[in-house]
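Listed below are the residues making up each chain.
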Amino acid sequence: MNKKYLIFLSLLFLVIATVFTVQGRVKNYIKNSIEKKLPSALAVKYTDLDIAILLGTVSVHNAELKLKSHDSLEYHTILKTKKLQLQGVGYWELLFNKTLSVKNLNLEAPTVTFYPYKKVNTKKTDKTPSDQSLQFIKIKEFSITNGAFQILRKSKDSIQLSMPSFDFKLFESRLNLGSEDAFPLKFENYKLDAQNIILDNNAFSKITMDSLWIEKKDLVATNFEIVPKYTKKELSKHLKNERDYINLKIPKISFKKFDFDYGQKRVAVTSSLVQLIQPHLEIYRDKLIADDMRVKPLYSKSLRDLSFDLNIKELNIKKGYISYAELVEPNQQAGKLFFNEVNASLYAISNLKKAKKTEIKVQSKLMGTAPLKLNWSFDVNNSSDAFSVTGSVHRLDATRLNPFFKPNLNAIAEGTLEQMYFSFNGNHTHSKGKMKMKYDDFNFKILRKNSNKINTFLTAIGNIFIHNDSDTKPNDFRIGEIEAERDATKSFFNYLWINVKSGIVDTLTGNEK
């Protein structure tokens, strides 16, 4: 045989033998790492392990990963996957630098189950000696295809969060296995495409979404809903104190430049623009149930007291609908107010120390006909919760409010409110302002108790004090004072209403033109 061919075959045999030898050593090293060198809080099982040393590929079949808290016997997170594949494994870093470096890691059809009640918070750590442990995991691209994720409650393992179908990618990630940080994973960017999400967040309602999509810091959710678990009547049977029945549907929610920042002591949530498209909100309250006497903070304080940093530069609401109904008498229909064609812009929704003043501008139609404008502003860092409100209503037929007046005030109204303007400033205890109204033939008719018949005596007395029109001159307005003391057990919207009501009463009954 030619000497050159003999040398070539010898070298080829040597290379093949070396590859198989190294491949065997690497396979044994990985097996040994899985069995002995992973942190004791992490357990791994699998049926088969394939390695292609020249391709830098490792495949683990039918893998199960279980994670528990230190000094705990129960695993709080369990991952099962048909196939776990690593491509572009850096063997040198693995063998000599205690670092698993991978170009691509893919989980095929994994299911992840998290039991939060089994997670134990402890400062104790359980580390194997540093000369044996795997220290870091670096992955250029981590991907999950056709995954499923759920969080379970302790009671009968009922579902708290369900994400039955999703694809996920994480880019340039680095995990420090020895870190004691609450969030030891760092990454550059991520991508998520999930369907049919359910968040069972409390005993009275749940949140559902048809889809959630995140890419390049843009987020879109479709058919977001807060779904009541009970009907309005059934809800009242489960309550000891007042609680709003809320049914919210939003066909589309979008965030621009959406980001989470875990690098600071507090989590930070930011977005340059949030849009709510055609939200439909229904609120119902059974006033026959005992009041909830807890203090209700104003929105500035609620923002200020958040456990995380929030900074939304702008939020837009487009073509929304809001209804509010109260049941004040048994066996009667609840009085209802509604606003349609709601368009709003909210600026600087933030609790940062250097946050700008929050400004809210709303336009809608009251009871489907009367144009309503509301401007509202406050400084989140003002501890007195000072705020300013201005607004206007035009061309309101008073009879449109009777479905609300009749059950709540036992009265009906007649006439036309041509124009109403109001402006007031306040804080968390009291407020003052001005109102002016232009109206024609405006009067109230008080009804007999539990009857649709008019109580002529009380109506006559009441209308003695009411000026039934602003004046005969087309440019004349009646002017009134606004003054209100806040009931801290009521919401901001109750505070808003008693200010407007104060101005209406003073304008209708006062002498100032």
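Structure: see above.
One structure accompanies this document, and this report is about it.

Conventions adopted
- Residues numbered from 1 in each chain as written.
- Predicted model: local features only at pLDDT ≥ 70, side-chain atom pairs only at ≥ 80, totals over all residues.
- Heavy atoms only, no water.
- Helix = DSSP H or I, 4+ residues; strand = E, 2+ residues; numbered from the N terminus.
- Buried < 20%, exposed > 50% of the residue type's maximum accessible area, 1.4 Å probe, protein only.
- Contact = heavy atoms within 4.5 Å.
- Areas by Shrake-Rupley, 256 points an atom, 1.4 Å probe, with all protein chains shown as cover.
- Pairing = 2+ DSSP bridges.
- Patch = residues over 30% accessible without salt bridge, like charges linked within 9 Å, V, L, I, M, F, W, Y side chains within 5 Å.
- Salt bridge = Lys/Arg side-chain N within 4 Å of Asp/Glu carboxyl O.
- Expected span 1.5 Å × (residues − 1).

Another point: the overall build of the protein chain. When helices and strands are tallied, the protein chain shows seven helices and 25 strands. Considering the protein chain as a whole, with its 513 residues, one finds that 38% of them fall into the buried category. At a minimum sequence separation of 6, the contacts of the protein chain that also span at least 24 residues come to 61%. Carbon together with sulfur atoms contributes 55% to the accessible area of the protein chain, which is approximately 29800 Å² in total.

In the sheet, strand β3 (residues 57-68) pairs with strand β4 (residues 75-87) via eleven bridges, with the strands oriented antiparallel. Bridge assignment links L65 to a residue of β4, and that residue is L79. Across four bridges, β4 lies against strand β6 (residues 111-114) in antiparallel orientation. Bridging across to β6, L79 finds its partner in V112. In the sheet, β4 pairs with strand β5 (residues 99-108) via five bridges, with the strands oriented antiparallel.

Our next topic: a nonpolar patch on the surface. A surface patch of nonpolar side chains, about 380 Å² in accessible area, is lined by W92, L95 and F96. Relative to the elements of secondary structure, F96 occurs in helix α2 (residues 91-96). Overall, the relative accessible area of 52% leaves F96 in the exposed class.

Here we take up the environment of E188. On the secondary structure map, E188 appears in the loop between β9 (185-186) and β10 (189-199). By relative accessible area, E188 is classed as exposed at 59%. For E188 and K140, which are 48 residues apart along the polypeptide, the C-alpha to C-alpha distance reads 9.7 Å. In this structure, E188 is in contact with F171 and E172, ignoring residues within four places of it in sequence.

Along an α-helix, residues three or four positions apart point the same way, because every turn accommodates 3.6 residues. In a regular helix each residue adds 1.5 Å, so 18 residues correspond to 26 Å; helix α7 (residues 492-509) covers 26 Å between its end C-alpha atoms and thus fits that length. All of the buried residues along α7 are F492, Y495, L496, I498, N499, V500, S502, G503, T507 and L508.

Looking now at the pairing of β6. Where β6 meets strand β7 (residues 136-152), four bridges bridge the pair, whose relative direction is parallel. Looking across to β7, one finds that T113 is bridged to Q150.

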